[in-house]
Every structure is written in structure tokens, then in C-alpha cells.
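Analysis of the macromolecular model
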Amino acid sequence: MKEYYTLVVFHEREVEKMLSKLNLAEKVEKGEIKCAICGKTITKENLGAILRKNGNILIICDSVKCIEKAGGLISAF
Ligand SMILES: [Zn+2]
């Protein structure tokens, strides 16, 4: 089955809104979310992108390398 990826990069002020919509705000506050690429703990300050892979949500930090890798993940499909 084909996998679908959606990459969404947010403006800072939209991050909080989106995080609470996804019920992730509390987890980010507690430092429970890690970058799906490099494993760095995600905060509101370093959140770069939210990647949706089918039903799963992957959070990517704001490192250029991670964003690039996430982009590669998408163009691969
Ligand atoms: Zn990262």
C-alpha cells in the first residue's frame, strides 16, 4: 500500500494552535516529544515541522538538516 506524507511547516504563532489541536501541547511542555529525525527534544521554540504519515504524526525540529531529510522523505513518494 502506498504511504502518504504531508509536510506542514508552521509560523511560530500557529504552532501552539496546531499543537493543542493535535493534543500535543502538554507533551511538548513536558519535553516528551522528540524530533523524528535526530531525536532532539522538541520545544515550542525549536519545532520546525509536523509530518503526517498516514495516521501517525511525526514532529521535526527546526534544524535545516532535519527539515531537508523530512522533505526527502516526502519527495521519495
Ligand atoms: Zn531534528
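The rules we used
- Residues numbered from 1 in each chain as written.
- Predicted model: local features only at pLDDT ≥ 70, side-chain atom pairs only at ≥ 80, totals over all residues.
- Heavy atoms only, no water.
- Core = buried A, V, L, I, M, F, W, Y, C linked by side-chain atoms within 4.5 Å.
- Buried < 20%, exposed > 50% of the residue type's maximum accessible area, 1.4 Å probe, protein only.
- Helix = DSSP H or I, 4+ residues; strand = E, 2+ residues; numbered from the N terminus.
- Pairing = 2+ DSSP bridges.
- Salt bridge = Lys/Arg side-chain N within 4 Å of Asp/Glu carboxyl O.
- Donors = N, O, S within 2.8 Å, 3.2 Å for Na, K, Ca; no water.

Attention now goes to the nonpolar core. Generally speaking, soluble globular proteins have nonpolar side chains that are buried together. Judged by nonpolar contacts, the single largest core of 18 residues is most densely connected at I42, L47, I59 and I60. The set of elements that each furnish at least two residues to this core consists of helix 1 (12-21), strand 2 (47-53), strand 3 (56-61) and helix 3 (64-75). Per-element accounting of this core gives the leading share, four residues, to strand 2.

What follows covers the pairing of strand 3. Sheet topology note: the strand 2/strand 3 ladder contains six bridges and is antiparallel. What sits directly across from R52, in strand 3, is I57.

Below, the discussion takes up the pattern of salt bridges. The final tally for this structure, using the stated rule, is three salt bridges. For K30, the salt bridge identified is with E26, shortest N-O distance 3.1 Å. The class of K30 is exposed, set by a relative accessible area of 54%. Counted as one network, the salt bridges with shared partners bring together E16, E29 and K44.

All right, on to the coordination of the zinc ion then. Only C35 (SG), C38 (SG), C61 (SG) and C66 (SG) from the protein coordinate the zinc ion, and they sit 2.3 Å from it. Here the donor residues of the zinc ion are spaced in sequence according to C-x2-C-x22-C-x4-C. Placement of C35 in the loop between helix 2 (25-29) and strand 2 and of C61 in strand 3 is noted, with a sequence separation of 26 residues between them. A single burial state applies to C35 and to C61, both of which are buried.

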